[in-house]
Amino acid sequence: MKITAADVIVTSPDRNFVTLRITTDEGISGLGDGTLNGRELSVASYLADHVVPLLIGRDPHRIEDTWQFLYRSAYWRRGPVTMAAIAAVDVALWDIKAKAAGMPLYQLLGGASRNGIMAYGHASGRDLPELFDSIRRHLELGYRSIRVQTSVPGINAVYGVAAQPSVDGKRYDYEPAQRAALPAEEDWDTRAYLRHLPGVFEAVRGEFGPELPLLHDGHHRMTPIQAAKLGKALEPYDLFWLEDCTPAENQEALRLVRQHTTTPLAIGEVFNTVWDYQTLIREQLIDYVRSAVTHTGGITAMRKLLDYAAQYQIKSGIHGPTDISPVGMAAALHLDLAIHNFGIQEYMQHGAATNEVFRQSFAFADGYLHPGESPGLGVELDEEAAARFPYHAAYLPFNRLKDGTIHDW
């Protein structure tokens, strides 16, 4: 079998997605997700201009060899653009291999290690009544684990709060790159956030009881000592995890956080390779790996990363909101089902237009996801539908402190 074509498809049904379709001389095609939120065209160009010419004529079954070739032959390694492009190729090749074998991808990864994949949803509110209503809506949708984000008095716009205004006037349940010529500016005050948040979780626990798994995302906005303070303050409310409490490029900074709190820590949605985690995993400074299959070199690389984490009893928490296309989501689910050290899967439901472009076999019921039994990933692209939704320029917001200093968003 040989690769005869590789097409890069950019579509924007509810938001921008980059999809790679690889086709073989035996008529089998596979899909890979190369979406990089707010920088989609950079990956599309990397794929079309630099990677696709290298794929024609290659054996699609040589997945490991192709991964190493794309990673090492460019000389310039790592980075979100390169790793998203490699991920798109890797996932498409796994899709082809599983289709050729006539079985769902998870079977090629060793078969199922569980019956279903526990998922968490994103609840948010500008005040406690609105937050409580959002939690109840998610429980009615079937979620059994809930991420809690809330507005903070004195801050105009806070990451993850759906009801806040956006530059295009739409309600967002996640932080998509908003369709606009320039990024939206938001504000931030860490001291106000640290004062406000523990009371929110006290109220949520009082309303919904001790059993509901609760998560929270700090979105890289705290220093290590501020993160340690928050983790300690949240200990009475038994969080499932505190995510991205501080920027973790300096992996050693997590030592300070770990010294001061027993709140479980999740890190890594902006990471791209195992090297970003080396100290964090070896010194057991985190509890959950948050990388996306789409941004971390695909299934081949993520499997190795999670096997490394398993040696230290660290579990998966794969990034999975709507900036991951249904193709990338399906890849995550097949991996989730197969690995032993699964923790939890982030899951936001895509809109109707996205579901029209990407036909999916995975399902969500009673708090659990399953990738389905269709051969391959279980996702097919409707190219005619995709063509009806052209690319829109879009940016993620950015933050400034009260004095005007640029801060981590």
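Everything numeric here is computed off the predicted structure, so don't read it as measured data.

### Some points on the pairing of strand 2 (residues 17-24)
Among the eight residues of strand 2, seven are classified as buried, and the element is accordingly described as predominantly covered. Pairing between strand 1 (residues 3-11) and strand 2: eight bridges, direction antiparallel. Along strand 2, the bridge assignment pairs Ile9 with Thr19. In textbook terms, the turn of a hairpin is the stretch between consecutive antiparallel strands, and for strand 1 and strand 2 this stretch comprises five residues. Counting the residues between successive antiparallel strands, the hairpin from strand 2 to strand 3 (residues 29-33) contains four residues, one of them, Gly27, with a positive phi of roughly 80°.

### Thoughts on empty space enclosed by the protein
Here the structure, examined in full by the defined rule, presents five cavities of 30 Å³ or more. There is about 80 Å³ of room inside the second largest cavity. Lining the second largest cavity we find 13 residues, and of these Gln149, Val158, Trp188, Tyr193 and Asp217 sit closest to its centre. If you list the elements that add at least two residues to the lining of the second largest cavity, you get strand 5 (146-150), helix 6 (190-208) and strand 8 (214-217). Here the residues of the lining of the second largest cavity sort into six nonpolar, five polar and two charged.

### Quick notes on the packing of helix 7 (residues 224-233) against helix 8 (residues 253-260)
One can describe the packing of helix 7 onto helix 8 by two numbers: an axis separation of 8 Å at closest approach and a directional angle of 25°. Classified by the angle their axes make, helix 7 and helix 8 are roughly parallel. Handedness of the helix 7/helix 8 crossing: right-handed. Residues Pro224, Ile225, Ala227, Ala228 and Lys232 of helix 7 touch helix 8, and the partners they reach there are Ala253, Leu256, Val257 and His260.

### Comments concerning the domain arrangement of the chain
When cut into domains, the chain gives domain 1 (3-104) and domain 2 (109-373). With 31 residues of domain 1 in contact, the opposing surface of domain 2 contributes 37 residues. Regarding the contact of domain 1 and domain 2, the summed buried area is about 2500 Å², with carbon and sulfur atoms giving 57% of it. In terms of surface lost to domain 2, no three residues of domain 1 exceed Arg15, Asp33 and Pro104, which account for 22% of the buried area on that side. On the surface where domain 1 and domain 2 come into contact, there are two salt bridges.

### Concerning the sheet that holds strand 3
If you trace the three strands from one edge of the open sheet to the other, you get 1-2-3, paired in antiparallel fashion. Of all strands in the sheet, those bounded by a partner on one side alone are strand 1 and strand 3. Along the sheet, successive strands turn relative to each other by an average axial angle of 20°, direction set aside. As judged from the five bridges shared by strand 2 and strand 3, these two strands associate in the antiparallel manner. Following the sheet pairing, Thr19 is matched in strand 3 by Asp33. The sheet strands contacting helix 3 (residues 80-101) are strand 1, strand 2 and strand 3, and the helix crosses strand 3 at an angle near 150°.

About the criteria used
- Residues numbered from 1 in each chain as written.
- Predicted model: local features only at pLDDT ≥ 70, side-chain atom pairs only at ≥ 80, totals over all residues.
- Heavy atoms only, no water.
- Buried < 20%, exposed > 50% of the residue type's maximum accessible area, 1.4 Å probe, protein only.
- Helix = DSSP H or I, 4+ residues; strand = E, 2+ residues; numbered from the N terminus.
- Pairing = 2+ DSSP bridges.
- 1 Å grid on protein atoms, 1.4 Å probe; cavity = no way out; pocket = protein on both sides within 12 Å on 5 of 7 lines; lining within 4 Å.
- Points joined across faces, edges and corners; volume = space filled by probe spheres on them.
- Nonpolar A, V, L, I, M, F, W, Y, C, P; charged D, E, K, R; others polar.
- Axes fitted to C-alpha atoms, helices over the stretch in contact; angles between N-to-C directions.
- Parallel < 35°, antiparallel > 145°, perpendicular 65-115°, else oblique.
- Left-handed = near helix turned anticlockwise from the far one by under 90°.
- Contact = heavy atoms within 4.5 Å.
- Domains from an automatic or database assignment.
- Buried area = accessible area lost by both parts, 1.4 Å probe.
- Salt bridge = Lys/Arg side-chain N within 4 Å of Asp/Glu carboxyl O.

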